[in-house]
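Here are the chains, one letter per residue:
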Amino acid sequence: NRRKQVSTDTFIEKILEGDITFLSKAITLIESTNSKHQEKANTILNACMPHADKSIRIGITGVPGVGKSTFIEAFGKYLTSLGKKVAVLAVDPSSSINKGSILGDKTRMEQLVTDKNAFIRPSPSGTSLGGVAQKTKESILLCEAAGFDTIIVETVGVGQSETAVHAMVDFFLLLKLSGAGDELQGIKRGIIEMADAIVINKADGDNVKNAKIAKVEFNRALHLYPPKENGWQPKVMIASALNNSGIEDIYTMISEYISTTKKSGAFENRRNDQNKHWLYTTINDQLKKRFYENPKINELLQKEIINLEKGKTTPFNAANNLLNNTD
Ligand code: GDP
């Protein structure tokens, strides 16, 4: 292979200059399963770390069709109009199956895509949510090193991906629709406890009245929960992403959250807790991976399964036997 490899130094230099092409390429390295790529990605990541951490990270979730991409486009455009640099990332574990169900579609966020102060990156694909989430978490750091001061992480309102995104953002925003019993569903699934704000979208036309009613109901529901540790009372707002209404108020609310939590120290505490979470998550994932990928374990596991089927062992004895054979 005579083609000259781009050095990691060039990568680092270009990313710190805010070069989006190199940022994209580095994220591709992060997402790669090739061990050489991963090694290179780690070197770049480590060099970028001291320049990261300076942005505001906002998570946005909601069921398909609630208006996430329309909202992110309106919100993102508003932010760039204020002179901010916005990176939009996604966590969608289903994307490997559906070939990119969110953000993969080029027709989404048409205006934001062409904005030179915006960077949009579809969800990495991967076999596990843990893998997808870790890659996104690392990509956030690269975007920050490249000078993006606002990071938006989008996720679909299904499955465990919301918990993963909640654990990587400073502010978690839940998009909802009024009516259709949608309210209760959210409460049941515990998503509402995670939300720092609920925005009832599509508050336009005939929907305005229902949206206002829903706002009162959600406010009432939120007050049933104990206050958050950081003292923040989650807010409920209405918006029309389509008509660009409510967007400015939402940004003001988020800014207020950021400044109060920064003052009280809660902002930094949350990030520290998140880092601890990722430390444990990574250890757990790696332990599991190493265990199951160990050829000795693999062989023994098959034997134990046969013993189990023959009634010669119990699941607990078999498990202990395997766990004691890892070295
Ligand atoms: P996502 O699946 O959550 O990303 O939702 P989309 O942003 O793709 O929006 C789904 C549909 O709802 C599209 O047809 C949008 O045009 C429409 N939509 C999004 N936001 C609004 C809104 O504020 N008002 C109205 N009336 N329609 C909206």
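Rules behind the numbers
- Residues numbered from 1 in each chain as written.
- Predicted model: local features only at pLDDT ≥ 70, side-chain atom pairs only at ≥ 80, totals over all residues.
- Heavy atoms only, no water.
- Helix = DSSP H or I, 4+ residues; strand = E, 2+ residues; numbered from the N terminus.
- Buried < 20%, exposed > 50% of the residue type's maximum accessible area, 1.4 Å probe, protein only.
- Polar contact = N/O pair within 3.5 Å; in protein donor to acceptor, adjacent residues only side chain to side chain.
- Pairing = 2+ DSSP bridges.
- Right-handed = clockwise from strand over helix to strand, strands pointing away.
- Near = heavy atom within 4 Å.
- Areas by Shrake-Rupley, 256 points an atom, 1.4 Å probe, with all protein chains shown as cover.
- Nonpolar A, V, L, I, M, F, W, Y, C, P; charged D, E, K, R; others polar.
- Phe/Tyr/Trp six-rings, centres within 6.5 Å; stacked < 30°, edge-to-face > 60°.
- Lys NZ or Arg CZ within 6 Å of the ring centre and 35° of its normal.
- Domains from an automatic or database assignment.
- Axes fitted to C-alpha atoms, helices over the stretch in contact; angles between N-to-C directions.
- Contact = heavy atoms within 4.5 Å.
- Lys, Arg positive; Asp, Glu negative; His and termini not counted.
- Salt bridge = Lys/Arg side-chain N within 4 Å of Asp/Glu carboxyl O.
- Parallel < 35°, antiparallel > 145°, perpendicular 65-115°, else oblique.
- Left-handed = near helix turned anticlockwise from the far one by under 90°.

1. Regarding unusual backbone geometry
With the exception of glycine, the majority of residues adopt a negative phi angle, and the majority of peptide bonds are in the trans configuration.
Piece 1. A positive phi angle, near 60°, is found at Lys202, a position not held by glycine.
Piece 2. If you trace the backbone, Lys202 turns up in the loop between β6 (197-200) and α11 (207-222).
Piece 3. Look at Lys202 and you get partly exposed, because its relative accessible area is 34%.
Piece 4. One non-glycine residue, Asn244, lies in positive phi territory at about 65°.
Piece 5. The residue Asn244 is located in the loop between β7 (235-238) and α12 (247-264) in this model.

2. With respect to the environment of Thr282
Piece 1. With respect to the helices and strands, the residue Thr282 is situated in helix α13 (residues 266-293).
Piece 2. You can call Thr282 partly exposed: its relative accessible area is 28%.
Piece 3. Here the alpha-carbon distance between Thr282 and Gln134, two residues 148 residues apart in the chain, equals 8.3 Å.
Piece 4. A polar contact is formed between the side chain of Thr282 and the backbone oxygen of Trp278, at a distance of 2.5 Å.

3. What to know about the pairing of β7
Piece 1. Two elements, β6 and β7, share four bridges in a ladder whose sense is parallel. When the bridges of β7 are listed, Ile198 appears paired with Val236.
Piece 2. Between the parallel pair β6 and β7, the chain is carried across by α11, and the sense of this crossover is right-handed.

4. Some thoughts on the site of the ligand
Piece 1. Surrounding the ligand, one finds 15 residues, the nearest of these being Gly65, Lys68, Thr70, Arg108 and Asp204.
Piece 2. When the ligand is considered free in solution it has 570 Å² of accessible area, and contact with the protein chains removes 69% of it.
Piece 3. Per-class residue counts for the shell around the ligand are five nonpolar, six polar and four charged.

5. Regarding the packing of aromatic side chains
Each aromatic ring pair is summarised here by two numbers: the centre-to-centre distance and the angle between the ring planes.
Piece 1. Using the criterion set out here, one finds nine aromatic pairs in the structure.
Piece 2. Between Phe171 and Trp232, the aromatic rings sit 6.5 Å apart at their centres with planes inclined by 75°, giving edge-to-face as the arrangement. Linking Phe171 in strand β5 (residues 171-176) with Trp232 in the loop between α11 and β7, this pair joins segments that are 61 residues apart in sequence.
Piece 3. Of the residues examined, Phe171 reaches a relative accessible area of 0% and is grouped as buried.
Piece 4. Following the ring pairs from residue to residue traces out a cluster consisting of Phe71, Phe75, Tyr78 and Tyr251.
Piece 5. Here Lys25 stacks its cationic end above the ring of Phe22, 5.0 Å away from the centre of that ring.

6. Comments concerning the domain arrangement of the chain
Piece 1. Assigned domains within the chain: domain 1 (1-51), domain 2 (52-263) and domain 3 (279-323).
Piece 2. In this structure, domain 1 and domain 3 have C-alpha centres spaced 36 Å apart.

7. A look at the sheet that holds β6
Piece 1. With parallel pairing, seven strands are arranged side by side in an open sheet as β3-β2-β4-β1-β5-β6-β7. Two strands lie at the open edges of the sheet, namely β3 (118-120) and β7, each paired on one side alone. Between one strand axis and the next, the sheet turns by 20° as a mean value, whatever way the strands run.
Piece 2. Taken together, the four bridges between strand β1 (residues 56-62) and β5 define a ladder with parallel strand orientation. Bridge pairing links Ile60 to Leu173 in β5.
Piece 3. The sheet strands contacting α11 are β5, β6 and β7, and the helix crosses β7 at an angle near 175°.
Piece 4. Packing against the sheet, α12 makes contact with β1, β5, β6 and β7, and its axis sits at approximately 150° to β5.

8. Re the side chain of Lys137
Piece 1. Tracing the backbone shows Lys137 in helix α7 (residues 129-145).
Piece 2. Buried and unpaired, Lys137 has Asp53 as its nearest opposite-charge partner, separated by 6.6 Å.

9. Thoughts on the environment of Ala266
Piece 1. You can see Ala266 is positioned in helix α13.
Piece 2. Placed 36 residues apart in sequence, Ala266 and Asn230 show a C-alpha to C-alpha distance of 5.7 Å.

10. Considering the packing of helix α2 (residues 20-31) against helix α3 (residues 35-48)
Piece 1. Relative to each other, α2 and α3 sit at 125°, their axes nearing to 7 Å. Here α3 runs oblique to α2, going by the angle between their axes. Seen from above, α2 lies across α3 with left-handed handedness. Between α2 and α3, the contacting residues are Ala26, Leu29 and Ile30 on the first element and His37, Gln38, Lys40, Ala41, Ile44 and Leu45 on the second.
Piece 2. Considered class by class, the residues forming the contact of α2 with α3 number six nonpolar, two polar and one charged.

11. A word on the pairing of strand β2 (residues 86-91)
Piece 1. Judged by how many residues are buried, β2 sits mostly within the fold: six of six residues are covered.
Piece 2. Neither face of β2 is open: one carries Val86, Val88 and Ala90, the other Ala87, Leu89 and Val91, and all of them are buried.
Piece 3. Sheet analysis places β2 next to β3, joined by three bridges and oriented parallel. Within the sheet, the bridge partner assigned to Val88 lies in β3 and is Ile120.
Piece 4. Where β2 lies against strand β4 (residues 150-156), six bridges are found, and the strand directions are parallel. Across the sheet, the residue bridging to Ala90 is Glu154, located in β4.

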